[in-house]
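Commentary on secondary and tertiary structure
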Amino acid sequence: MLGSFHGGVHPHGNKGMASHKAIEPLPMPQRLYVPLHQHAGQPCDPCVTVGQKVLKGEEIGRSDAWVSTPIHAPTSGTVVGIEEYPAGHPSGLTMLTVVIDPDGEDRWSDSIAGIADPMNAEPAVIQERIRWAGIVGLGGAVYPSFIKMTPPKGKKVETLLINGAECEPYLTSDERVMVERAKETIAGIEIMMHTLPTSKCVIGIEDNKPEAIKAMTEAARSYNGIRVQPMPAMYPQGARQQLVEAITGKQVPSGARLVDIGLLVHNVTTAYSIYEAVVHGKPLITRVVTVSGRGIAKPANLETLLGTPIRNLIDHCGGMKPGVRKVILGGPMMGLAVDNLDVPVVKGIAGVLALLQNEIVDKPEQPCIRCGRCVQACPMSLVPSEMAWRAKVNQLDVMPELHLNDCIECGSCGFVCPSNIPLVQYFRYAKLAIQADRRAQKKLDMDKARTKAKAARVEQEKLEKERQKEAMKAAMAARKKAAAEAAPAEAAPAAPAAPATETVAAAVATDAAPVAEGAAALSDAESKAARAARAAQAARAARAAKAAKEQA
Amino acid sequence: MIDAVLSMSGMALAAGIGLGFAAKKFYVQADPLGEKLVGALPGSNCGNCGFPGCQAYADALVASGADGNVAINLCTPGGTPTIKQIADILGVEPVAAKTDHGPRVAYIDEARCIGCTACIKACPVDAIVGANKQSHTVIVSWCTDCEACVEPCPVDCIDMVPVVTSLYDWRWEKPAGPNAQVAA
């Protein structure tokens, strides 16, 4: 029985502008800017060089880290640069980017080949293929899919949930994929069920997409265990915890993973990409992007190569109407506003929206009136108002008690706030501030440990040197002693029983000529002793000369 | 008479033993102020504050107390965040940093470096790698901005350069709040 999740809001869908527009391929852009970090986890290192020719689907970036996925060339052409280029990020800062000039041939790499019989292939083969293809969660979280497709030892996925909710207003890319590519998507889901393995799958689709529900139900008819579940539209139903609660009635415990309660959620377009990678061997180099908003002349759903500047998409849709106030990457609820239209499309971008004045809220923030609407709207059962008050005065140490990290930044609280408080902005600020503090503390601890280690090492070296000095002194004394013993043997007639110092003097006194022959005849050790004795005598003579000079 | 004396001395003895035991058992370390201050300082003992190390600076701060004989902004590697922490611990108003240049790291001009290892010996956190007659370089993420390497360099090839904010350590601004001036 279908339930609902806690809280939630009903923003206007605004999907009509693009929902009936069939997916059309965007013409090849002049130049592609492919960022090397389009996924959650470690960024990739480039594995091509400037000037190198690349083929479509060739790997251009990879990382040795586990939580990471490779990046591929979206078309054939020449790498003309590996440089810092603006990224679709709220900071407007740059990221290492591979710049490719397409050669127009769009020729696939020869190594591209599907897995012949995926339904009989080992799960490990398919998991490796998904990793190689660079597939990430296309709903926006961009978490590497192969990790989710590899359940940890001892855990079993009972039910695979496929997320076709697409609850963000304006966005219709998942909807168009479900309508036009239902068969392929269902085939992808079947491969996923075989890989996990699991025998049960529920596809959740909001009821504002009747065409998608119809197409998917039709395509899933011949499969046992795959069920399409229509759901009343509600935001944020497409967030994984909310989808789980709406379909299964279960709540994901704070800090737990879905697999801990036997579930797994994948986006519907991710399933399609897995089909493409496993059956046709195609890596993730393209995605469907909804270009919409009242500021766009002709809204559309465009099959776009990753790395295409968003300016190309907007231009293809007839450009922007006058009076556009905001350009947003993603949906209006969770997307990020950008100033720079040169930023490229990456794996996580499902939409490019140009919004007019009447589609945005930019009223000034008013004081909180304690109405509690944000508390009712929060789908994670948090208390947004209190979290915002605390963030405002930097009381970051109480945030764990308020479960700030459970906040999914869906924006429902800010949407209902009558005082226009940018609540999510406060939470984003607090989250990153806490992370930065933790990093700074960690560095401080490391600095202290390094200082201690170096001081200990320097101390150790000093002791070692002193020990060496002692050892040398002892060796010197031993040599002197040996010389003293050798001297009488050498100069026996001169002073057989003289004390050591005098013996040395005697030894040197006889240095002139006669002993030289004798010394040559002496054993090695003895000649060394004699030399040492001579050196000591010379030093003493020099000292005496110096003293005499000073006296004079 | 003897009963009273015995009972009183008995009680006194019991109380004495009890108090003595409690004093040992529930002993509270006095003055955690110095410890807290040492915790707030970078701990690289660079000596930029004029004291022979972080512990010495912390001790001096404790000794000077609230009189403010010892300035709280002497730690240059710590910069403004450290000044804030010290002010919090001592319960005084934070003051401006001596030089407000933000976080910096040492940068070795490898073309000019002669490979003398003088800076390597000076670095308190082993953040410089290199060997005799080999060009040296700084491990940027380990550098603490203490400037200890700048002085010993015989060819003056080390500069302190500001840290460039990357995408990965960028932070959201806090919203201005309800009383903010609305931009026209």
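Keep in mind it's a predicted model, so treat the numbers as computed, not measured.

Looking only at helices and strands, one finds five helices and four strands in chain B. Sequence-ordered secondary structure for chain B, helices as α and strands as β, is α-α-α-α-β-α-β-β-β. Radius of gyration (C-alpha) of chain B: 26 Å, far over the 16 Å computed for a compact globule of 184 residues. Considered along the principal axes of its C-alpha atoms, chain B spans approximately 95 × 60 × 35 Å. Restricting the contact set of chain B to residue pairs at least 6 apart, pairs at least 24 apart contribute 50%. By element, 60% of the accessible surface of chain B is carried by carbon and sulfur atoms, the whole surface being about 11400 Å².

This paragraph deals with the sheet that holds strand β12 (residues 263-267) of chain A. Residues and elements named next belong to chain A. Pairing within the open sheet is parallel, and its four strands lie in the order β11-β10-β9-β12. One side of each edge strand has no neighbouring strand; the edge strands of this open sheet are β11 (226-231) and β12. The sheet shows a mean angle of 25 degrees between the axes of neighbouring strands, direction not considered. Pairing of strand β10 (residues 200-206) with β11, which is carried by six bridges, proceeds in the parallel orientation. In the sheet register, Ile 203 faces β11, and the bridge partner there is Val 228.

Here the focus is the pattern of salt bridges. Counted by the stated rule, this structure contains 27 salt bridges over all chains. Among the ionic pairs, Asp 447 of chain A bridges to Arg 450 of chain A, the shortest N-O distance being 3.7 Å. Within this pair, Asp 447 of chain A and its partner Arg 450 of chain A are both found in helix α12 (residues 423-490), separated by three residues, close to a single helical turn. Each member of the pair, Asp 447 of chain A as well as Arg 450 of chain A, carries the same accessibility label: buried. Connected via shared salt-bridge partners are Lys 454, Arg 457 and Glu 461 of chain A together with Asp 126 of chain B.

Here we come to the domain arrangement of chain B. All names here are of chain B. Per the domain assignment, the segments of chain B are domain 1 (32-90) and domain 2 (101-171). Here the C-alpha centroids of domain 1 and domain 2 sit 24 Å apart. Contact residues are listed per partner, giving five residues for domain 1 and six residues for domain 2. For the pair domain 1 and domain 2, the summed buried area comes to about 430 Å², and 55% of that belongs to carbon and sulfur atoms. Seen at the junction of domain 1 and domain 2, the total is zero salt bridges. For the side of domain 1 that touches domain 2, the per-class residue count stands at two nonpolar, three polar and no charged.

On to the nonpolar core, then. All names here are of chain A. Among the nonpolar cores identified, the biggest contains 42 residues, and Leu 160, Ile 189, Ile 203 and Met 216 are the most heavily contacted of them. Every element with two or more residues in this core is listed here: α1 (123-132), α2 (145-148), β9 (159-164), α4 (182-195), β10, α5 (210-220), β11 and α7 (268-279). Ile 189 has contacts with Leu 160, Ile 162, Cys 201, Ile 203, Ile 226 and Ala 271, leaving out every residue within four places of it along the chain. One finds Leu 382, Ala 391, Leu 402 and Ile 421 within the second-largest nonpolar core, a separate group that totals 26 residues.

This paragraph deals with the interface of chain B and chain A. Opposite the 33 residues of chain B that make contact, chain A presents 34 residues. Where chain B abuts chain A, roughly 2800 Å² becomes buried across the two surfaces, and 61% of that area is made up of carbon and sulfur atoms. It is Leu 167, Trp 172 and Lys 174 of chain B that lose the most area in chain B upon contact with chain A, and together they represent 28% of the buried surface on that side. There are two salt bridges connecting chain B and chain A. Asp 126 of chain B is the salt-bridge partner of Lys 454 of chain A, the closest N and O atoms lying 3.8 Å from each other. For the pair chain B and chain A, the interface holds eleven residue pairs in polar contact (both at pLDDT 80 or more). Within the residue set of the side of chain B that touches chain A, elements represented by two or more residues are α2 (33-40) and α5 (118-122) of chain B. When the residues that make up the side of chain B that touches chain A are grouped by side-chain class, the tally is 18 nonpolar, nine polar and six charged.

Definitions and cut-offs
Residues numbered from 1 in each chain as written. Chains lettered and ligands numbered in written order. Predicted model: local features only at pLDDT ≥ 70, side-chain atom pairs only at ≥ 80, totals over all residues. Heavy atoms only, no water. Helix = DSSP H or I, 4+ residues; strand = E, 2+ residues; numbered from the N terminus. Rg over C-alpha atoms; globule rule 2.2 N^0.38 Å. Contact = heavy atoms within 4.5 Å. Areas by Shrake-Rupley, 256 points an atom, 1.4 Å probe, with all protein chains shown as cover. Pairing = 2+ DSSP bridges. Axes fitted to C-alpha atoms, helices over the stretch in contact; angles between N-to-C directions. Salt bridge = Lys/Arg side-chain N within 4 Å of Asp/Glu carboxyl O. Buried < 20%, exposed > 50% of the residue type's maximum accessible area, 1.4 Å probe, protein only. Domains from an automatic or database assignment. Buried area = accessible area lost by both parts, 1.4 Å probe. Nonpolar A, V, L, I, M, F, W, Y, C, P; charged D, E, K, R; others polar. Core = buried A, V, L, I, M, F, W, Y, C linked by side-chain atoms within 4.5 Å. Polar contact = N/O pair within 3.5 Å; in protein donor to acceptor, adjacent residues only side chain to side chain.

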